[in-house]
Amino acid sequence: MLRILQVRDGDSQVVVAWDGVGSARVVRGVTSTYELAKGAIEAGQSLAERVDALGYGVEVDLELAGREGRLGLPVAHPDPAHFFVAGTGLTHLGSADGRDKMHKAAQAAEKPTDSMRMFQMGVEGGKPADGQEGVQPEWFYKGDGSQLRATGEDLVSPAFALDGGEEPELAAIYLVGPDGTPYRLGFCLANEFSDHVTEKGNYLWLAHSKLRQAALGPELLVGDLPQSVEGTSRIRRGDDVIFDKPFVSGEANMSHSLANLEHHNFKYDLFRRPGDLHVHFFGTATLSFSEGVKTEPGDVFEISAEPFKLPLVNRLTVAAATPVSVRKL
């Protein structure tokens, strides 16, 4: 299994590691994963073939790079406005429980909430047979590439936010080729950071609650994911662990297939613009908010899962209030 990382060492370096084969090494001739992926598409090669064609440079100690804060995002776009950040919710078995609790107060007890109905639609039609189209999932937009944070960087909650809570997930990253074909580069760990108190106030505020930063783990895992991925979501407050719970992902634990989620994202012409990057969050069923945890500035989110080797770690901070005024021209 191939892992691709971006490591800061003066200039950016692309570093690759193969499971069970030697150490991590710099890839010659490229300075970004974006450049590597574009070259692979142009040459008609896979990422692994492109790496082999370019060749390997010096060894890199990834654990040391992590301790020194030099692990960057697994991929970035030269123009962050051309990096779409979006995702799907209610995709995991069990994911409806927390959402249903949030929204049930707004509806009669005997009537299913919209969240539960959406979840049930996924259970019944989210994994279509080959060649068929499944039911579309919930979809949300989080912003562009300027919203993304690497491991070790702070997740900054806006001053107006009512909450800043973690969502431990898997995400996939895509590059749109010259002919409009989306290419999946690989998968990474992710924290789809959201404002659950705002969402709880009214489910129509979901769009507002998702316009927040998000964090991506340092490794881009190339190839297919295991059917079941098991990990741990943890929150540290000073010397104490205030939340520690396993989470699961992968298609065996999901109500939608990855192919169905990908289809319903890229069916829009807007999302098949050549040269654009996309990161798509696949959802989760584990939230500290659902367990009654109220996060505070300084809390540290830690997300880890096999087969990823490195964790995703970010500290919660809150931005200063920024007055906004609109002027008439």
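In the nomenclature of an unreviewed UniProt entry, the protein chain is known as FAH family protein of Pseudorhizobium halotolerans.

Trainee: Whenever I open this one, the overall build of the protein chain confuses me. Can you help?
Mentor: Helices and strands together make up the secondary structure of the protein chain, namely eight helices and 17 strands. Taken over the C-alpha trace, the protein chain has a radius of gyration of 20 Å; the compact-globule value for 329 residues is 20 Å, and the two agree within 12%. Residues classed as buried in the protein chain amount to 51% of the 329 residues present. A separation of at least 24 residues holds for 74% of the contacts in the protein chain among residues at least 6 apart in sequence. A total of about 15,300 Å² of accessible surface is found on the protein chain, and carbon and sulfur atoms cover 52% of it. Looking at the protein chain, you have 32 positive and 46 negative side-chain charges, and the mean spots of the two groups are 4 Å apart.

Trainee: What's the story with helix α8 (residues 258-266) in this structure? I'm lost.
Mentor: Two residues of an α-helix separated by three or four positions point the same way, owing to the 3.6 residues in each turn. Taken across its nine residues, α8 has seven buried, putting it largely inside the fold. Restricting attention to buried positions, one finds in α8 the residues L258, N260, L261, E262, H264, N265 and F266. In the core, the buried residues of α8 are packed alongside β9 (168-176), β10 (182-191) and β15 (277-281).

Trainee: Whenever I open this one, the sheet that holds strand β13 (residues 229-237) confuses me. Can you help?
Mentor: Backbone hydrogen bonds are what pair the strands of a sheet, in a parallel or an antiparallel way. The strand order β8-β17-β16-β13-β14 describes an open sheet built from five strands, whose pairing is mixed. Only two strands of the sheet have a single neighbouring strand rather than two, namely β8 (155-157) and β14 (240-249). Along the sheet, successive strands turn relative to each other by an average axial angle of 20°, direction set aside. Relative to β14, β13 runs antiparallel, the two sharing nine bridges. Along β14, the bridge assignment pairs R237 with D240.

Trainee: So what exactly am I meant to see when it comes to the packing of aromatic side chains here?
Mentor: Both the distance between ring centres and the angle between the ring planes are used here to describe each pair of aromatic rings. Under the counting rule described, the total for this entry stands at six aromatic pairs. Pairing W139 with F271 gives two aromatic rings, centres 5.8 Å apart and planes at 25°, and the pair type is stacked. Taken as a pair, W139 in the loop between α5 (114-125) and β6 (140-144) and F271 in the loop between α8 and β15 lie far apart in primary sequence, 132 residues in all. For F271, a relative accessible area of 8% gives the class buried. Measuring from centroid to centroid gives 6.1 Å for Y268 and F271, while their planes differ by 75°, and the two rings are edge-to-face. Of the aromatic side chains, those joined through ring pairs into one cluster are F84, W139, Y268 and F271. Sitting above the plane of the F140 ring, K210 keeps its charged end 4.5 Å from the centroid.

Trainee: Explain a nonpolar patch on the surface to me, please; I cannot follow it from the model alone.
Mentor: Where nonpolar side chains cluster on the molecular surface, the patch consists of W139, Y141 and L211 and spans about 280 Å² of accessible area. Relative to the helices and strands, L211 is located in the loop between α7 (206-210) and β11 (214-216). With a relative accessible area of 41%, L211 lands in the partly exposed category.

Conventions and cut-offs
Residues numbered from 1 in each chain as written. Predicted model: local features only at pLDDT ≥ 70, side-chain atom pairs only at ≥ 80, totals over all residues. Heavy atoms only, no water. Helix = DSSP H or I, 4+ residues; strand = E, 2+ residues; numbered from the N terminus. Rg over C-alpha atoms; globule rule 2.2 N^0.38 Å. Buried < 20%, exposed > 50% of the residue type's maximum accessible area, 1.4 Å probe, protein only. Contact = heavy atoms within 4.5 Å. Areas by Shrake-Rupley, 256 points an atom, 1.4 Å probe, with all protein chains shown as cover. Lys, Arg positive; Asp, Glu negative; His and termini not counted. Charge placed at Lys NZ, Arg CZ, Asp CG, Glu CD. Pairing = 2+ DSSP bridges. Axes fitted to C-alpha atoms, helices over the stretch in contact; angles between N-to-C directions. Phe/Tyr/Trp six-rings, centres within 6.5 Å; stacked < 30°, edge-to-face > 60°. Lys NZ or Arg CZ within 6 Å of the ring centre and 35° of its normal. Patch = residues over 30% accessible without salt bridge, like charges linked within 9 Å, V, L, I, M, F, W, Y side chains within 5 Å. Salt bridge = Lys/Arg side-chain N within 4 Å of Asp/Glu carboxyl O.

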